[in-house]
Amino acid sequence: MAEITDVRINGRGGQGAVTASRLLAEAAILEGQYVHAFPNFGPERAGAPVTSYARISPEPFYEKTEVYEPHIVVVIDPTLLDDVPVVEGLRDGGTIVVNYDGEKDTLVKHFEGVHANIYKVAGSIIATEEIGRNVPNLVMLGALIKVAKLVEIESLTKVTLNRFKGVLGEKNVVAIKRAFEEVE
Amino acid sequence: MSGVRQVVGMTGDEAVAHAVKLVNPDVVAAYPITPQTIIVERYSDFVNNGEVDTSFISVESEHSAMSACVGASLTGARVFTATASAGLALMYEILYVASGMRCPIVLAVANRAFSAPINIHGECTDQLVCRDASWVSLFGESAQEAYDETILSFKIAEHPDVMLPAMFGIEGFIVTHALERVETLSKQQVEDFIPASRIVRDRFCPDENKTFGSLVLQDYYMEIKRQQEEAMQNAFKVTKDAMQEFSELSGRKMEIIEKYQLEDADYAFVSYGATAGNAKAVVNRLRAKGEKVGALKIRLFRPFPSLDIFQALSGIKAATILDRSATFGSPGSIVQTDIASALYGKEDVPSLHGYINGLGGRVLTLPEIEEVYEMSKEYNNIGMTSTTDWVGYRK
């Protein structure tokens, strides 16, 4: 059976969670992988919690369900930690990647009792410094693919430059690479 | 580009829009409705950018959209539109006009639940209830099948032995808005598959005196309806041949029903659309546990492939029919009753267990599908030959 990785991206409306799952999936397609990536559509508004998903496998697969038990959760907005059960459904021993600029110990303590690999990167700071705006969606993908190795960074930067032409794309690539280096 | 097979990431809606672009129909008349909107939105971009030379007619409702399609089609134009749920219901009256006037319009349906309560998510009832409207009707499981069926539908509808409209459905969001890999075709491949313009025997044009859509009462109405039935029967062979030709063209096997691990199976799932993907995933899980089970996917719903389904299910003990549609007070779920009719009186056929599930975007998870599989086996073991249950809801 195909080795499938289910990724859930938790963000807030307007932060680009949907774009993030799409570009992650496009990068995987570029590598010849198989994907099913989609947003969770509901009555979303700017600022309200939203989720999007990417199901990725090197082999063809048939599943067409929503993602209830992700292997990986990416948290784009640190304020979600107190508002939303971001680890809901996370598989035992799964991975959490959080946009977080505090101490790692504090973050680990937040997830006390959760059996998971916890990573953080200061996504908002990186996005603000490198892109000029606090839009850390693609930044978080840089951190994700460092720790989960779903796609090569070259594939991610390629689809990013394809989606965002010119300076914006280049700035995002710089930010992705920085997150890739700085995730801990 | 010609002949080069490319892989592109596209949602189901985008796949339809891009496939229509290759076909480049003369007229698209449409009204937006979620989860179809992206199809006509993208297509209007193509029109605006001059990438196609389609006349795009914006209308004020789906009733008008289908009416405009009928008018355009009668002039000999190649016509496309798309809708969903309430939009399809609003078209319903004109669906019969389109088929009765033998307009080979192609309609993409982003299958969505009916109101009330209002809901925008996936469910196939909207398309299934158009079963008697004399439209060829197909379902797709993925963005790839959406892409392929878009192109295929023109071929079937416009065939001189058919000349009926065709609709194909993909489920809202889980297919329409989900990104998947799609192998695209070149413009040349599509032009080789369908003629550059429709073959028109008779058409409405300003310099000839003709009447279309005249009053026909007891004298000839029934003969005209009978011709539609004969055209629908012809659509079997035409669809099979077109799928065969498309398979050769694309390198992707396409059949009116898809058989997955059925050869040695004792039990089978029967489904259509996205659910068929989940059924195959469950077959893999059950096979790993030693269960002799397979899956049958129905791609062509009208004309209903009775004989093919009978042959595919012959020798199976029990069939679990996963029907993502609602019907009330019926002797079975919608597709189940068709299958029951197809198998009635025949020997060596399975017991039929219909499960109404997945309404309004509700997901019947893979473990739940395994549970209903066990239910079917149990029903079969105690000698029940026909059951219908609602599953996957709070009791």
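Residues numbered from 1 in each chain as written. Chains lettered and ligands numbered in written order. Predicted model: local features only at pLDDT ≥ 70, side-chain atom pairs only at ≥ 80, totals over all residues. Heavy atoms only, no water.

(A) Region of the structure containing the overall build of chain B. Of regular secondary structure, chain B possesses twelve helices and 15 strands. In terms of overall size, chain B behaves like a compact globule, its C-alpha atoms giving a radius of gyration of 21 Å where 395 residues would be expected to give roughly 21 Å. Dimensions along the principal axes, computed over C-alpha positions, put chain B at roughly 70 × 55 × 45 Å. The 395 residues of chain B split such that 60% are buried. A sequence separation of at least 24 residues applies to 80% of the contacts in chain B between residues at least 6 apart. Accessible area of chain B: about 15,900 Å², with a carbon and sulfur share of 50%. (Helix = DSSP H or I, 4+ residues; strand = E, 2+ residues; numbered from the N terminus. Rg over C-alpha atoms; globule rule 2.2 N^0.38 Å. Buried < 20%, exposed > 50% of the residue type's maximum accessible area, 1.4 Å probe, protein only. Contact = heavy atoms within 4.5 Å. Areas by Shrake-Rupley, 256 points an atom, 1.4 Å probe, with all protein chains shown as cover.)

(B) The arrangement of the interface of chain A and chain B in detail. Listed per partner, the contact involves 20 residues of chain A and 30 residues of chain B. Of the roughly 2,000 Å² buried between chain A and chain B, counting both surfaces, carbon and sulfur atoms make up 65%. In terms of surface lost to chain B, no three residues of chain A exceed F41(A), Y62(A) and K64(A), which account for 34% of the buried area on that side. If you look at where chain A meets chain B, you find two salt bridges. For R22(A), the salt bridge is made with E14(B), and the minimal N-O distance between the two is 2.9 Å. Every element with two or more residues in the side of chain A that touches chain B is listed here: α1 (17-30) and β2 (34-39) of chain A. Among the elements that line the side of chain A that touches chain B, the one with the most residues is β2(A), at six residues. Looking at the side of chain A that touches chain B residue by residue, the class counts come to eleven nonpolar, four polar and five charged. (Buried area = accessible area lost by both parts, 1.4 Å probe. Salt bridge = Lys/Arg side-chain N within 4 Å of Asp/Glu carboxyl O. Nonpolar A, V, L, I, M, F, W, Y, C, P; charged D, E, K, R; others polar.)

(C) Seen up close, the domain arrangement of chain B. Residues and elements named next belong to chain B. The assigned domain composition of chain B is domain 1 (6-250) and domain 2 (257-390). With centres defined by C-alpha atoms, the gap from domain 1 to domain 2 works out at 28 Å. Every contact between the two is made by 26 residues of domain 1 and, on the other side, 29 residues of domain 2. A combined buried area of about 2,200 Å² lies between domain 1 and domain 2, and 58% of that area is made up of carbon and sulfur atoms. Broken down residue by residue, the surface that domain 1 buries against domain 2 is led by L128, R131 and E141, which jointly contribute 27%. Where domain 1 meets domain 2, there are seven salt bridges. Between E171 and R324 there is a salt bridge; the shortest N-O distance is 2.7 Å. Joining domain 1 to domain 2, the criterion identifies 16 residue pairs in polar contact (both at pLDDT 80 or more). Here the residues of the side of domain 1 that touches domain 2 are counted per class, giving twelve nonpolar, seven polar and seven charged. (Domains from an automatic or database assignment. Polar contact = N/O pair within 3.5 Å; in protein donor to acceptor, adjacent residues only side chain to side chain.)

(D) Layout of the sheet that holds strand β3 (residues 55-58) of chain B. Residues and elements named next belong to chain B. Strand order across the open sheet formed by seven strands is β3-β2-β4-β5-β7-β6-β12, with mixed pairing between neighbours. The outermost strands of the open sheet, each flanked by one partner alone, are β3 and β12 (300-302). Neighbouring strand axes in the sheet, compared pairwise and without regard to direction, differ in orientation by 20° on average. Examined bridge by bridge, strand β2 (residues 27-30) and strand β4 (residues 79-83) share two bridges and lie parallel to one another. Residue pairing in the sheet places V28 in a bridge with F80 of β4. Where helix α2 (residues 37-48) meets the sheet, it contacts β2, β3, β4 and β5 (106-111), and its direction lies at approximately 135° from that of β3. (Pairing = 2+ DSSP bridges. Axes fitted to C-alpha atoms, helices over the stretch in contact; angles between N-to-C directions.)

(E) The pairing of strand β14 (residues 351-356) of chain B, seen in detail. Residue and element names in this part refer to chain B. In terms of burial, β14 is a largely internal element, six of the six residues being buried. Neither face of β14 is exposed, since S351, H353 and Y355 on one face and L352, G354 and I356 on the opposite face are all buried. Pairing analysis gives six bridges linking strand β13 (residues 318-323) to β14, with the strands arranged parallel. Its bridge partner being in β14, L322 is matched across the sheet by Y355. A crossover connection joins β13 to the parallel β14 through helix α11 (residues 334-343); in handedness this β-α-β unit is right-handed. Sheet analysis places β14 next to strand β15 (residues 386-390), joined by five bridges and oriented parallel. Residue pairing in the sheet places I356 in a bridge with W390 of β15. (Right-handed = clockwise from strand over helix to strand, strands pointing away.)

(F) Just the pattern of salt bridges, in detail. Residues and elements named next belong to chain A. Using the criterion set out here, one finds 37 salt bridges over all chains in the structure. One salt bridge in this structure joins E129 and R178, with 2.8 Å as the shortest N-O distance. Separated by 49 residues along the polypeptide, E129 in helix α4 (residues 123-130) and R178 in helix α7 (residues 167-182) bring together distant segments of the chain. The class for R178 is partly exposed, based on a relative accessible area of 21%.

(G) Main features of the nonpolar core. Counting 57 residues, the largest nonpolar core has V16(B), F80(B), V136(B), Y147(B), I151(B) and L152(B) as the members making the most contacts within it. Non-local contacts of Y147(B), meaning those with residues more than four positions away in its chain, are made with M10(B), A15(B), H18(B), A19(B), L22(B), V182(B), E183(B), T184(B) and L185(B). Residues I9(A), A143(A), A175(A) and I176(A) belong to the second largest nonpolar core, which totals 41 residues. (Core = buried A, V, L, I, M, F, W, Y, C linked by side-chain atoms within 4.5 Å.)

(H) Just the pairing of β15(B), in detail. Burial along β15(B) is one-sided: T387(B) and D389(B) are buried, while S386(B), T388(B) and W390(B), pointing the other way, are not. As for the winding sense of the linkage, the β-α-β connection from β14(B) through helix α12 (residues 366-381) of chain B to β15(B) is left-handed.

(I) Examining the packing of helix α5 (residues 137-148) of chain A against helix α6 (residues 153-163) of chain A more closely. Residue and element names in this part refer to chain A. Close contact between α5 and α6 brings their axes to 10 Å; oriented N to C, the two are set at 165°. With respect to α6, the axis of α5 lies roughly antiparallel. In the packing of α5 onto α6, the handedness of the crossing is right-handed. Contacts between α5 and α6 involve L138, L141, G142 and I145 from the former and I153, L156 and T160 from the latter. (Parallel < 35°, antiparallel > 145°, perpendicular 65-115°, else oblique. Left-handed = near helix turned anticlockwise from the far one by under 90°.)

(J) View of the packing of α5(A) against α7(A). Residues and elements named next belong to chain A. It is at 7 Å that the axes of α5 and α7 come closest, and there the two elements cross at 40°. The interaxial crossing formed by α5 with α7 has right-handed handedness. For the pair α5 and α7, contact is made by L138, V139, G142, A143, I145 and K146 and by N172, A175, I176, A179, F180 and E181, respectively. Broken down by class, the residue content of the contact of α5 with α7 amounts to eight nonpolar, two polar and two charged.

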